[in-house]
Amino acid sequence: MIDRKGWLQLDAPIRVQHRPSPNFNQRPNGADISLLVIHNISLPPGCYGGGFIEQFFQNRLPKDEHPYFAEIAELQVSAHGLIDRSGGFTQFVGFYDRAWHAGASEYHGRSNCNDFSIGIELEGCDTEPFSVDQYRCLTWLSRVIMECFPAISVERIVGHSDIAPGRKTDPGPCFDWVGYRHSLAR
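Treat the numbers as computed from the prediction; the structure is a model and nothing was measured.

Here the focus is the overall build of the protein. Helices and strands together make up the secondary structure of the protein, namely 5 helices and 10 strands. At 15 Å, the protein has a C-alpha radius of gyration in line with the 16 Å of a compact globule built from 186 residues. Referenced to the eigenvectors of the C-alpha coordinate spread, the extents of the protein come out at roughly 45 × 40 × 35 Å. Here the analysis covers contacts within the protein between residues at least 6 apart in sequence; of these, 68% occur between residues at least 24 apart. Carbon and sulfur atoms provide 51% of the accessible area of the protein, an area that totals close to 8,800 Å². For the protein, the centre of its 17 positive side-chain charges and the centre of its 22 negative side-chain charges are spaced 5 Å apart.

Encoded structure:
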């Protein structure tokens, strides 16, 4: 399901789009892809739809559209992909490349998690539950990623808050870790 360049095939059993971001680079030589990081994002905060996340990850966010956009429009960030509220997946960076999603981060004494992780955003926020369709897509996608990258186990799937405590809170208290991990075990 993942091609040799790290892109999920468009004929996957979920709705997939490719929207390449310029915000990526190569991983360091010998970097093992061994961590999956779950995030959340909504633009403007607490609002869904509108295509602003895609524009943000492609450095095309309209600064004048919302006051918050003026604060973040110059940032150059990305994730490997985004799962929207209806369970569709948009990929921005190939999984073999380094997306710029984790920022200052550490996992088990190893810093700069972007070097060895895959970052998946869920359209949402800390204070609202995620949709059943999002969990369904995330479970399927996680299984595909773990099959392609066997160093990623269920124990090596974390939230952004786990690798950047005190700085990040996502995916937040509304993310159902128990249900998600249970679905991976089936």
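Summed over the entire model, instances satisfying the criterion amount to 7 salt bridges. With a closest N to O distance of 3.5 Å, Arg19 and Glu54 form a salt bridge. Placement of Arg19 in the loop between β1 (16-18) and β2 (24-25) and of Glu54 in helix α1 (residues 52-57) is noted, with a sequence separation of 35 residues between them. For Asp115, the salt bridge goes to Arg98, with nearest N and O atoms at 2.3 Å.

Now for the side chain of Arg27. Its location among the elements puts Arg27 in the loop between β2 and β3 (35-41). Despite being buried, Arg27 has no salt bridge partner; Asp97 is the closest side chain of opposite charge, sitting 6.7 Å away. A polar contact is formed between the side chain of Arg27 and the backbone oxygen of Phe95, at a distance of 2.9 Å. Of the polar contacts made by the side chain of Arg27, one reaches the backbone oxygen of Tyr96; its length is 3.2 Å. Ignoring anything within four residues of it in the chain, the contact list for Arg27 reads Ile33, His80, Phe95, Tyr96, Asp97, Arg98, Asn114, Asp115, Phe116, Ser117 and Ile118.

Rules of the game
- Residues numbered from 1 in each chain as written.
- Predicted model: local features only at pLDDT ≥ 70, side-chain atom pairs only at ≥ 80, totals over all residues.
- Heavy atoms only, no water.
- Helix = DSSP H or I, 4+ residues; strand = E, 2+ residues; numbered from the N terminus.
- Rg over C-alpha atoms; globule rule 2.2 N^0.38 Å.
- Contact = heavy atoms within 4.5 Å.
- Areas by Shrake-Rupley, 256 points an atom, 1.4 Å probe, with all protein chains shown as cover.
- Lys, Arg positive; Asp, Glu negative; His and termini not counted.
- Charge placed at Lys NZ, Arg CZ, Asp CG, Glu CD.
- Salt bridge = Lys/Arg side-chain N within 4 Å of Asp/Glu carboxyl O.
- Buried < 20%, exposed > 50% of the residue type's maximum accessible area, 1.4 Å probe, protein only.
- Polar contact = N/O pair within 3.5 Å; in protein donor to acceptor, adjacent residues only side chain to side chain.

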